[in-house]
Amino acid sequence: MKILISNDDGFQAPGLVALHDALKDIAEVEVVAPEHNNSAKSNALTLAAPLYVHKAHNGFRYVTGTPADCVHIALKGLLDYRPDLVVSGINNGANMGDDTIYSGTVGAAMEAYLFGIPAIAFSQIEKGWAHVDAAAQVARRLVQQIEREKLIGGNPFLLNVNVPNLPFDELKPVKVCRLGRRHAAEKVITQDSPRGETMYWIAGAGGAKDSGEGTDFHATAAGHVALTPLQIDLTDHANLGDWNDTMARVARSAAGG
């Protein structure tokens, strides 16, 4: 099995190193990650500037771009093979609920999924890398289980996995969950620059709003590893009929003058 590893915290992040170390003896692994922290870059691709790839002393390759750039470049020019699996993370902080829309960790995995390659995004619930080796062990076991179930090589999948910051023997089993929802983000922070201009800083994400049973928030709060299968289709299928009716009324009204 050949695994491409990326992340959004940068190629020197402890979570990336731990993930690489956990997977390197069960597969052929290669790291292509951002040069610097690229949190909240989602699926952004760099189209208006060139990208450069460098190699670190440990063999990791790093890119002057976003997480999605890293995976795109790796799959469409840098690697001379097609990986069997792309693994992103381990992120420094949760990617649950609405976070998945903004997450560079999920964005890297999603880029692989868009190319038909199965992908998994791993995150720790709290920042600071506490028990990151336990999270890496979770990643290793899940990859092994997925391989044993012969899920790699079939239809591609996109999984979002969040791991509580606990010792490995205190983590509860994986629970398959839906995404929860967060409250609206906190108010932006304003400061005066040395030149007297107003600076705006994006503030923290809102707390959990929908954290009921069955959500990723609920599972991780109870000590479980939360696994959420994701899809790309953003179509509001439930309301397609209503919008068809609305547009038909608009057309009739326009035709009638």
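Just so we're clear, the structure is a prediction, and the values are computed from it rather than from any experiment.

The rules behind these values
- Residues numbered from 1 in each chain as written.
- Predicted model: local features only at pLDDT ≥ 70, side-chain atom pairs only at ≥ 80, totals over all residues.
- Heavy atoms only, no water.
- Buried < 20%, exposed > 50% of the residue type's maximum accessible area, 1.4 Å probe, protein only.
- Helix = DSSP H or I, 4+ residues; strand = E, 2+ residues; numbered from the N terminus.
- Pairing = 2+ DSSP bridges.
- Phe/Tyr/Trp six-rings, centres within 6.5 Å; stacked < 30°, edge-to-face > 60°.
- Lys NZ or Arg CZ within 6 Å of the ring centre and 35° of its normal.
- Contact = heavy atoms within 4.5 Å.
- Axes fitted to C-alpha atoms, helices over the stretch in contact; angles between N-to-C directions.
- Salt bridge = Lys/Arg side-chain N within 4 Å of Asp/Glu carboxyl O.
- Polar contact = N/O pair within 3.5 Å; in protein donor to acceptor, adjacent residues only side chain to side chain.

Caption draft 1: Spotlight on the pairing of strand β5 (residues 85-91). Summarising burial for β5: seven of the seven residues are buried, a large majority. Sheet analysis places strand β1 (residues 2-6) next to β5, joined by four bridges and oriented parallel. The residue of β5 that forms the bridge with isoleucine 5 is valine 87. Pairing geometry for β5 and strand β6 (residues 119-124), over four bridges, is parallel. Residue pairing for β6: serine 88 is matched across the bridge by alanine 121.

Caption draft 2: Fine view of the packing of aromatic side chains. Within the structure shown, the criterion is met by one aromatic pair. Both rings, one in phenylalanine 11 and one in tyrosine 62, keep their centres 4.1 Å apart while their planes meet at 10°; by these two values the pair is stacked. Note that phenylalanine 11 is positioned in the loop between β1 and α1 (14-23) and tyrosine 62 in strand β4 (residues 61-63), a separation of 51 residues in sequence. You'll find phenylalanine 11 and tyrosine 62 in the same group, each marked buried. A cation over a ring is seen here: lysine 2 above tyrosine 81, with NZ or CZ 6.0 Å from the ring centre.

Caption draft 3: Geometry of the environment of valine 17. Mapped onto the fold, valine 17 is located in helix α1. The residues touching valine 17, leaving out its near neighbours within four places in the chain, are Gln12 and Phe60.

Caption draft 4: Structural context of the sheet that holds β4. Across the sheet, which stays open at both edges, the nine strands sit in the order β3-β4-β2-β1-β5-β6-β7-β13-β8 with mixed pairing between neighbours. For this open sheet the edge positions go to β3 (53-55) and β8 (172-176), each flanked by a neighbour on one side alone. Neighbour-to-neighbour, the strand axes of this sheet turn through a mean angle of 20°, independent of strand direction. Contacting β1, β5, β6 and β7 (158-163), helix α4 (residues 104-114) crosses the sheet at an angle of about 170° to β6. Against the sheet, helix α5 (residues 132-148) engages β1, β5, β6, β7 and β13 (224-229), with an angle of about 160° to β6.

Caption draft 5: Main features of the pairing of β13. Burial analysis of β13 places five of its six residues in the buried class, the great majority of the element. Here β7 runs beside β13; their pairing, made up of four bridges, is antiparallel. Bridging across to β13, asparagine 162 finds its partner in alanine 226. As paired elements, β8 and β13 share four bridges and run parallel to each other. Residue pairing across strands places valine 176 opposite leucine 227, the latter belonging to β13.

Caption draft 6: Representation of the pattern of salt bridges. Enumeration over the complete set of coordinates arrives at three salt bridges. Between lysine 24 and aspartate 21 there is a salt bridge, with its nearest N and O atoms 3.7 Å apart. With a shortest N-O distance of 2.2 Å, arginine 61 and glutamate 30 are connected by a salt bridge. Residue arginine 61 is located in strand β4, and its partner glutamate 30 is located in strand β2 (residues 28-34); the two are separated by 31 residues in the primary sequence. The two residues arginine 61 and glutamate 30 agree in class, both being buried.

Caption draft 7: Quick peek at the side chain of aspartate 99. Mapped onto the secondary structure, aspartate 99 falls in helix α3 (residues 99-102). For aspartate 99, a relative accessible area of 11% puts it in the buried group. Polar side-chain contacts of aspartate 99 include one of 3.0 Å to the backbone nitrogen of methionine 96. Among residues more than four places away in sequence, those in contact with aspartate 99 are Ala94, Arg182 and Ala205.

Caption draft 8: Geometry of α1. Taking burial as the measure, the 10 residues of α1 include seven buried ones, the bulk of the element. Among the residues of α1, those classed as buried are Gly15, Leu16, Ala18, Leu19, His20, Ala22 and Leu23. Here the buried face of α1 lies against β1, β2, β5 and α5.

Function cannot be inferred from these measures alone, as they are strictly geometric.
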